[in-house]
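# Topology and contacts: notes
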There are 2 protein chains.
Amino acid sequence: MGEFELINSYFKRPTRHAVLGGGDDCALIAPGAGQHLAISTDMLVEGRHFLPTISPELLGHKALAVNLSDLAACGAKPVAFTLALALPRADKHWVERFSRGLYDLAERHACELIGGDTTQGPLNICITVFGEVPSGQALLRHAAEAGDDIYISGQVGDARMALEVFRGKLSLPAEAFERCRARMEQPTPRIDLGLALRDIAHAAIDVSDGLLGDLGHILQRSGVGATVQTTWTEGSPAISPDLLTLPEARRLDMALAGGDDYELLFTAPKAMRERVHAAGHDCGVPITCIGEITEQPGLRLLDLHSQPLLRRFASFDHFA
Amino acid sequence: MGEFELINSYFKRPTRHAVLGGGDDCALIAPGAGQHLAISTDMLVEGRHFLPTISPELLGHKALAVNLSDLAACGAKPVAFTLALALPRADKHWVERFSRGLYDLAERHACELIGGDTTQGPLNICITVFGEVPSGQALLRHAAEAGDDIYISGQVGDARMALEVFRGKLSLPAEAFERCRARMEQPTPRIDLGLALRDIAHAAIDVSDGLLGDLGHILQRSGVGATVQTTWTEGSPAISPDLLTLPEARRLDMALAGGDDYELLFTAPKAMRERVHAAGHDCGVPITCIGEITEQPGLRLLDLHSQPLLRRFASFDHFA
């Protein structure tokens, strides 16, 4: 048995829900009656999606978390995932730690590893995740309507702050850095919130590339525009106290175009306001209203005095 | 829009069967009533699963073919796949050619690309493939029974011959090399045969690591043994004339432990002999009987005189 087959043994826990788990040519699953299967795949490469300094446990967590976040954005319930892993060398200690972080998160969401592939090569992690959503209930990017409120879950900008510290472009007090670093290396997929929003929200997306850029995807596919406030970046549940220490321009960069947040950005009719906040409360996640969907196309960003804010943001240029 | 987002545009053909194709956080599919979803994932790394000399078109073909081969081994009908691709640089010409090879094979099997991910990084291709198989009809590794015949589809050993030439360990006439190289770089997934064998075969596996090694997986999971002949390596539809030019020891290595064949190795009750060969005939694939499943555990290889052949093979050691 080769070293990489031994490595595979770290990923061979028995499955409970799948018809057939790993160890055959295919895994077999049977989605419930009336359920659609939601599928997403993400590939993580060192230096691009994570830094070499991340611990194997947190990398195992993050690799699955960014995939689960896509299920959350569709309002899908996690069911199973496959893992393909290329490793420079068969380092059992590393794999044991990676698999621990991976399984901890997977078990929290009853999401089973049903198959995979391990090979020698430059470090690369590719996870494909499967969730169930009742037919017609998925939250999709094209469903935003004029008059909808625009909401963001949790806090944005922290992950980017940590990245800027790693890049030597920002310095933070040690405690603030540790908080931001945890947000970057151990994002929380908003699964419960996605499920709670199924019959409340119209459109949804998870914020991976930056809030404004990802909002742009919703606008483009829904054929609508948006007016987005920035008052909430001066102090609201969506901004961590750490971010408030930055000068305004940088704070806006981090919050609006930072990326790697894995929060849910969604729209919902005004009549749903109470239910939106109740869903956030039930899930233990703050929800902040940041703007409104408009018939008029384009994205209008307003400053603290409700005047147009005309500066450009990295992931926002193509909507200017 | 970044270069890698542009690259994504090569993989954005509209889907016809999926409920929702690419472009949202998740794709949505709805397996037919009474169908199980068969899922397999394979990661391909340069130098390990393909050589840098392979053309982009053939690499696109091969990356999907090795995944479809897993569906074939389960008797599943291809439905859809996701593609995650890490590329050292955004080379549109390369991607255009890669996508052409990929789509050509995908369309031949009505298998839709429903989602994916493109990123910068060392070349890595990870495909996850989805097929349908009626509940209870999947061909599985654990279903071999004592008394079953053991069959191999097509020809084995050619791909390994080509690899040995690339490694400088074998020389072949130019025409023979081209034939073997085509088998290595452009394998044919035996989808039709897998479907035809659903109610004929017991256990099945696709031969990727070498015939004896992969047979070992069936024996282990079925709790049975096997007697395997080698007379067929002296001349049969399972051996190409090119392979017959090699000395016996090397020929056995290539045929029994070569790998990368992507043929179906399967077992079926003796009462099914006629139907097995009729299935092969209907699918245009030769089928060769190479042995028998036994109650007695272990794998016994017989030489041309039906005497035990005691030498060891690379992917066969752990059954000796």
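In every chain, residue numbers begin from 1 and rise along the written sequence. The naming scheme follows written order: chains are lettered A onward, ligands numbered 1 onward. Totals for whole chains, interfaces and linings use all residues, but because this is a predicted model, local features are given only for residues with pLDDT of at least 70 and pairs of side-chain atoms are given and counted only at 80 or more.

### Topic: the overall build of chain A
What counts here: Helix and strand definitions here come from DSSP, where helices need a minimum of 4 consecutive H or I residues and strands a minimum of 2 consecutive E residues; each element is numbered from the N-terminal end. Here the radius of gyration uses the C-alpha set of atoms, whereas the globule reference equals 2.2 Å times the residue count to the power 0.38. Three exposure classes are used, all based on how many other C-beta atoms lie within 10 Å of a residue's own C-beta (placed from the backbone): buried at 20 or more, exposed at 12 or fewer, and partly exposed between those limits. Placing a C-beta atom from the backbone of each residue, one calls two residues in contact when those atoms lie within 7 Å.
Scanning chain A for helices and strands turns up 10 helices and 11 strands. What you see for chain A is a C-alpha radius of gyration of 20 Å, in line with the 20 Å of a compact globule of 320 residues. For chain A, the spread of C-alpha atoms along the three principal axes comes to 65 × 50 × 35 Å. Buried positions account for 53% of the 320 residues belonging to chain A. Excluding contacts between residues fewer than 6 apart, the proportion of contacts in chain A whose partners are at least 24 apart in sequence is 85%.

### Structural notes on the relation of the copies chain A and chain B
Which entries qualify depends on this criterion: Alignment of the copies relies on least squares applied to C-alpha atoms, considering only residues that score at least 70 for pLDDT in both.
Of the transformation placing chain A onto chain B, the axial shift is 0.0 Å and the rotation is 180°, giving an RMSD of 0.0 Å. Here the transformation between the copies is reduced to the relation of a two-fold axis. Of the residues that chain A buries at the interface, 100% are likewise interface residues in chain B, meaning the two copies contact each other through the same surface.

### Points about helix α2 (residues 56–74) of chain A
Residue and element names in this part refer to chain A. This is how it is decided: Given a helix with a known number of residues, its expected span is that number minus one, times 1.5 Å.
Taking 1.5 Å per residue as the helical rise, α2 with its 19 residues ought to reach 27 Å, and the 28 Å between its terminal C-alpha atoms agrees with that figure. Of all 19 residues in α2, 17 are buried, a share of seventy percent or more. Gly 75 lies just past α2 and shows a positive phi near 70°.

### So, the domain arrangement of chain A
Residue and element names in this part refer to chain A. Worth spelling out the cut-off: Throughout the structure description, domain borders are defined by an automatic or database domain assignment.
The domain boundaries assigned to chain A delineate domain 1 (3–134) and domain 2 (141–312). In this assembly, 18 residues from domain 1 lie in contact with 18 residues from domain 2. Among the elements of the structure, α2 and β3 (77–87) are those that each provide at least two residues to the side of domain 1 that touches domain 2. By residue number, the principal contributor to the side of domain 1 that touches domain 2 is α2, which donates 12 residues.

### Brief notes about the packing of helix α4 (residues 158–166) of chain A against helix α5 (residues 174–185) of chain A
Residues and elements named next belong to chain A. The line we're drawing: With axes taken as lines fitted to C-alpha atoms, and helix axes fitted only over the stretch in contact, angles between N-to-C directions fall between 0 and 180 degrees. An angle counts as roughly parallel when it lies under 35 degrees, as roughly antiparallel when it exceeds 145, as roughly perpendicular when it falls between 65 and 115, and as oblique in every other case. Handedness of a helix crossing follows the sense of rotation of the near helix relative to the far helix, less than a right angle counterclockwise being left-handed and clockwise being right-handed.
Two elements in contact, α4 and α5, have axes separated by 7 Å at closest approach and are oriented at 110°. Regarding the angle of α4 to α5, the classification is roughly perpendicular. Considering how the two elements wind past one another, α4 and α5 form a crossing that is left-handed. Together, Asp 158, Ala 159, Met 161, Ala 162, Leu 163 and Val 165 of α4 and Phe 177, Arg 179, Cys 180, Arg 181, Arg 183 and Met 184 of α5 make up the contact between the two elements.

### Some points on the interface of chain A and chain B
Threshold: Classes in brief: Ala, Val, Leu, Ile, Met, Phe, Trp, Tyr, Cys and Pro nonpolar; Asp, Glu, Lys and Arg charged; the others, Gly included, polar. Each pair of strands is called paired provided DSSP finds at least two bridges between the two strands.
Each partner contributes to the interface: chain A provides 46 residues, whereas chain B provides 46 residues. The residue makeup of the side of chain A that touches chain B, split by class, is 25 nonpolar, 13 polar and 8 charged. Across 3 bridges, strand β1 (residues 27–29) of chain A lies against strand β2 (residues 35–45) of chain B in antiparallel orientation. Along β2 of chain B, the bridge assignment pairs Ala 27 of chain A with Ile 39 of chain B.

### So, the sheet that holds strand β9 (residues 264–268) of chain B
Residue and element names in this part refer to chain B. Within the open sheet, the 6 strands sit side by side as β7-β9-β6-β10-β8-β11. Their pairing is mixed. Single-partner strands in this sheet number two, and they are β7 (204–206) and β11 (298–301). The average undirected angle you get between the axes of adjacent strands in this sheet is 25°. As defined by bridge partners, strand β6 (residues 149–153) adjoins strand β10 (residues 287–294) across 5 bridges and the pair is classed as antiparallel. Each bridged residue has a counterpart across the sheet, and for Ile 152 the counterpart in β10 is Thr 288. Packed on one face of the sheet, helix α2 (residues 56–74) meets β7 and β9 and runs near 170° to β7.

### Here we look at unusual backbone geometry
Phi at Ser 306 of chain A is positive, roughly 60°, even though this residue is not glycine. Within the secondary structure, Ser 306 of chain A sits in the segment after β11 (298–301). Positive phi outside glycine occurs at Tyr 262 of chain B, with the angle close to 55°. With respect to the helices, strands and loops of the structure, Tyr 262 of chain B is situated in the loop between α9 (248–257) and β9. A residue is classified by how many C-beta atoms lie within 10 Å of it, and Tyr 262 of chain B, with 26 of them, is buried.

### Quick word on the sheet that holds β1 of chain A
Here 5 strands make up an open sheet; going across it, the order is β1(A)-β2(B)-β5(B)-β3(B)-β4(B) and the pairing mixed. The sheet terminates laterally at β1 of chain A together with β4 (112–120) of chain B, the two strands that pair on one side only. Each strand axis lies, on average, 20° off the axis of its neighbour in the sheet, ignoring direction. Of the strand pairs in this sheet, strand β3 (residues 77–87) of chain B and β4 of chain B are connected by 8 bridges, and their pairing is parallel. Counterpart to Ala 84 of chain B in the pairing with β4 of chain B is Asp 117 of chain B. Relative to strand β5 (residues 124–134) of chain B, α2 of chain B is tilted by about 25°, and along the sheet it contacts β2, β3 and β5 of chain B.

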